[in-house]
Amino acid sequence: MALAAMATPMLAFAQSADPVRWQLNMGRGVTPLSNNAYDAHMLALWICLGIGVAVFIAMGIAMFRFRKSRGAVADTKFVHNTRLEIVWTLIPVILLVAMAAPATTKLVKMYDHRDSEMTVKVTGYQWMWEYEYLGEDVSFVSRLDREHDRIRQSGIVPGHDEHPTYLLEVDNELVLPVDTKVRFVITADDVIHSWWVPALGWKQDAVPGIINEAWADIDTPGIYRGQCAELCGKDHGFMPIVVRAVPKEEFQQWLAARKAGADVATAVPQSARPSTESTTQTDPAAAVAVAR
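The paragraphs below set out a description of the structure included in this document. (Residues numbered from 1 in each chain as written. Predicted model: local features only at pLDDT ≥ 70, side-chain atom pairs only at ≥ 80, totals over all residues. Heavy atoms only, no water.)

**Quick notes on the overall build of the chain**
Line of reasoning, step 1. The helix and strand tally for the chain stands at 7 helices and 10 strands.
Line of reasoning, step 2. Burial status across the chain gives 36% buried among its 292 residues.
Line of reasoning, step 3. For the chain, contacts bridging at least 24 residues in sequence account for 66% of all contacts bridging at least 6.
Line of reasoning, step 4. On the chain, roughly 16,600 Å² of surface is accessible, and the fraction owed to carbon and sulfur atoms is 62%. (Helix = DSSP H or I, 4+ residues; strand = E, 2+ residues; numbered from the N terminus. Buried < 20%, exposed > 50% of the residue type's maximum accessible area, 1.4 Å probe, protein only. Contact = heavy atoms within 4.5 Å. Areas by Shrake-Rupley, 256 points an atom, 1.4 Å probe, with all protein chains shown as cover.)

Here it is, written out as structure tokens:
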């Protein structure tokens, strides 16, 4: 069992950013912040595992060698040994400092938004997200895919084969370039929401009247999904987030097409879109008006 426990963390290296069935560890993610969180988690896990193994070995030796049937007599000098008490006080302090030092450095880095190459404003509504690319005159509303919304209200129980991403598709994806430091400013218009994509390595509350900040630098193209992580009303569970990370050249093409008024879905190559993706468009002004 000890060997199996030691091997468990190694499985994480083969796991994708998004969760999968029977996953035993957190995913590494696709941003520097998610990698920092993963490294801090693994450091703490290995330390805890080492402590657990040492304690159970000591308990086993004590129960076997110093049991009553062997005539063992309590050693009062061991319990009140000053040197031992100093040692087992210093060891935990050293371990805590070893974990706190890198954790503090990485925590400070989470809030360092300097040198961002672009800014995206995220606004939460009941129950949708509005994305605005600041300085680019591009904004749109992203809500649950209409086909998925129809299915969930129809009472039909969809199968995994037909809808592998059921309730995790949207009509308008947030498209971002890879290898680009993107600053997010996050707020809400009605109640508290929380914007969360696990592969990015952070979640940030969207609070009415308050601007919260975060950043991401995605290193791998792909589709990364998340959901609202704050109970925000009856349709809280139907407020997905889909981030599509694409190469910089492809992002510029998408942005130019969006500025020209083209369908946001047509700006993404057909081969890159999943078959379950809906191309239904929502007028941002109308959707925001309804949300309000």
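Structure shown, so let's carry the discussion forward.
**So, the pairing of strand E3 (residues 138-142)**
Side-chain direction in a regular strand flips from residue to residue, so the side chains alternate between the two faces of the sheet.
Line of reasoning, step 1. Burial analysis of E3 places 4 of its 5 residues in the buried class, the great majority of the element.
Line of reasoning, step 2. Examined bridge by bridge, strand E2 (residues 128-133) and E3 share 5 bridges and lie antiparallel to one another. Within the sheet, the bridge partner assigned to Tyr133 lies in E3 and is Val138.
Line of reasoning, step 3. Between E2 and E3, which pair antiparallel one after the other, the connecting turn spans 4 residues, and Gly135 there sits at a positive phi close to 85°. (Pairing = 2+ DSSP bridges.)

**As for the packing of aromatic side chains**
Line of reasoning, step 1. By the definition in use, this model includes 9 aromatic pairs.
Line of reasoning, step 2. Ring geometry for Tyr133 versus Phe251: centroids 6.2 Å apart, planes at 40°, classification tilted. Residue Tyr133 is located in strand E2, and its partner Phe251 is located in helix H6 (residues 248-259); the two are separated by 118 residues in the primary sequence. The two residues Tyr133 and Phe251 agree in class, both being buried.
Line of reasoning, step 3. An aromatic cluster of three or more residues is present, and its members are Tyr131, Tyr133, Phe140, Phe251 and Trp254.
Line of reasoning, step 4. The ring of Phe238 has Arg152 lying over it, and the distance from NZ or CZ to the ring centre is 4.0 Å. (Phe/Tyr/Trp six-rings, centres within 6.5 Å; stacked < 30°, edge-to-face > 60°. Lys NZ or Arg CZ within 6 Å of the ring centre and 35° of its normal.)

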